[in-house]
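# Survey of secondary and tertiary structure
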Amino acid sequence: MAKPQIYDVLHREHEEVSELFHQLEEAKGAEALELFARLKQKLVPHARAEEAVVYPRFLEEQNAADITREGIEEHKQVDNLIAELDAMTPDNDGVWKAKVKVLADMVGHHVDEEEGEMFPLAKQVVSDREAEQLAEDYARERDSFIEDIRADQRDAAE
Ligand SMILES: [Fe+2]
Ligand SMILES: [Fe+2]
């Protein structure tokens, strides 16, 4: 069986994030907070590992550099919105939910650009072998970010 390429790994995680956003749309109160926490655990290490491993490789290629730079800026907007949501709790006035909706739209747009523009451009220049190696490097980086977050949470809990 062929090894997974980076595009397959990222696509699977995009689907998981999209599913969590769907569940979050229906959720309220403590359940919404719990789903938001799970969403961040998926989304943040995904974005950091894309930036650390995948985007630097795509930036080397003239055809993919512009859309990748755009992706980096979109990650920053997503981070800002997550920080705003972290500073609030789900409430009755609906602002928290409205921000979650904007975040879902922003992430949806970003994923469409990655899968619809960035990955097809990268595929023109990145070899299959290299795309398999990127998948391995990405997974290692993502898991190490997840480990860092857990260690921070342990420290904070002490
Ligand atoms: Fe992504
Ligand atoms: Fe991304």
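Up top is the structure these notes are about.
Because the structure is a prediction, the values reported are computed rather than measured. (Residues numbered from 1 in each chain as written. Chains lettered and ligands numbered in written order. Predicted model: local features only at pLDDT ≥ 70, side-chain atom pairs only at ≥ 80, totals over all residues.)

## What about the overall build of the protein chain?
As a reminder, the rule being used: Put simply, DSSP H or I for four residues or longer makes a helix, DSSP E for two residues or longer makes a strand, and each gets a number counted from the N terminus. Residue burial is a threshold on neighbouring C-beta atoms within 10 Å of the residue's own C-beta, all placed from the backbone, with 20 or more meaning buried, 12 or fewer meaning exposed, and counts in between meaning partly exposed. Throughout, a pair of residues is in contact if the C-beta atoms placed from their backbones lie within 7 Å.
On a plain count of helices and strands, the protein chain comes out with 5 helices and 0 strands. Along the chain direction, N to C, the helices and strands of the protein chain fall in the order α-α-α-α-α. Considering only C-alpha atoms, the protein chain reaches an extent of 50 × 35 × 30 Å along its principal axes. Taken over 158 residues, the protein chain has a buried fraction of 25%. Excluding contacts between residues fewer than 6 apart, the proportion of contacts in the protein chain whose partners are at least 24 apart in sequence is 72%.

## Overview of the environment of Val100
Among the secondary structure elements, Val100 is positioned in helix H4 (residues 95-125). Measuring from C-alpha to C-alpha, the distance between Val100 and Glu31 comes to 14 Å, with 69 residues separating the pair along the chain.

## Describing the environment of Ala104
Looking at where Ala104 falls in the secondary structure, it is placed in helix H4. Judged by the 18 C-beta atoms lying within 10 Å of it, Ala104 is partly exposed. As for Ala104 and Ala27, which are separated by 77 residues in sequence, their C-alpha atoms are 14 Å apart.

## Things to note about H4
Let me state the cut-off plainly: For a helix, the expected span equals 1.5 Å multiplied by the residue count minus one.
Taking 1.5 Å of rise per residue, 31 residues should cover 45 Å, and H4 covers 44 Å from first to last C-alpha, within 8% of that figure. All of the buried residues along H4 are Val100, Leu103, Val107, His110, Glu114, Met118, Phe119 and Ala122. Along its buried surface, H4 packs onto helix H1 (6-26), helix H2 (29-59) and helix H3 (62-86).

## What about the packing of H2 against H3?
The following threshold applies: A fitted line through C-alpha atoms serves as each axis, taken over the contacting stretch for helices, and the angle formed by two N-to-C directions is quoted from 0 to 180°. When an angle is under 35 degrees it counts as roughly parallel; over 145 it counts as roughly antiparallel; between 65 and 115 it counts as roughly perpendicular; any other value is oblique. Handedness of a helix crossing follows the sense of rotation of the near helix relative to the far helix, less than a right angle counterclockwise being left-handed and clockwise being right-handed.
Packing of H2 against H3 brings their axes to within 11 Å, and their N-to-C directions diverge by 155°. With respect to each other, H2 and H3 are oriented roughly antiparallel. Here the hand of the crossing between H2 and H3 comes out left-handed. On H3, the residues touching Phe36, Lys40, Ala47, Glu51, Tyr55, Phe58 and Leu59 of H2 are Ala64, Ala65, Thr68, Gly71, Ile72, His75, Val78, Ile82 and Leu85.

## Observations regarding the nonpolar core
Note the threshold: Put simply, a nonpolar core is buried Ala, Val, Leu, Ile, Met, Phe, Trp, Tyr and Cys residues tied into one set by C-beta atoms within 7 Å.
Core analysis: the biggest nonpolar cluster contains 18 residues, and Ile6, Val54, Leu134 and Tyr138 have the highest contact counts within it. Looking at this core, the elements that each hand over two or more residues are H1, H2, H4 and helix H5 (128-157). Ranked by residues supplied to this core, first place goes to H2 with 5 residues.

## Quick word on the packing of H1 against H2
How two helices sit against one another is set out by the angle between their axes and by the gap between those axes. To keep things clear, this is the line we draw: Throughout this entry, Asp, Glu, Lys and Arg are counted as charged residues, while Ala, Val, Leu, Ile, Met, Phe, Trp, Tyr, Cys and Pro are counted as nonpolar. The remaining residues, Gly among them, count as polar.
At a minimum axis distance of 10 Å, the contact between H1 and H2 shows a crossing angle of 155°. Classed by the angle they form, the pair H1 and H2 counts as roughly antiparallel. The chirality of how H1 crosses H2 is left-handed. In this structure, H1 uses Ile6, Glu13, Glu16, Val17, Leu20, Phe21, Gln23 and Leu24 to contact H2, whose residues at the interface are Ala32, Leu35, Phe36, Arg38, Leu39, Lys42, Leu43, His46 and Val54. Among the residues making up the contact of H1 with H2, the classes are represented as 11 nonpolar, 2 polar and 4 charged.

## Some words on H2
Which entries qualify depends on this criterion: At every residue, the bend is computed as the angle between two fitted axes, covering the seven residues ending there and the seven beginning there respectively.
Of all the bends in H2, the greatest, near 45°, is centred on Glu51. Of the residues making up H2, those classed as buried are Phe36, Leu39, Leu43, Pro45, His46, Ala47, Ala49, Glu50, Val53, Val54, Tyr55 and Phe58. At its buried positions, H2 is contacted by H1, H3, H4 and H5.

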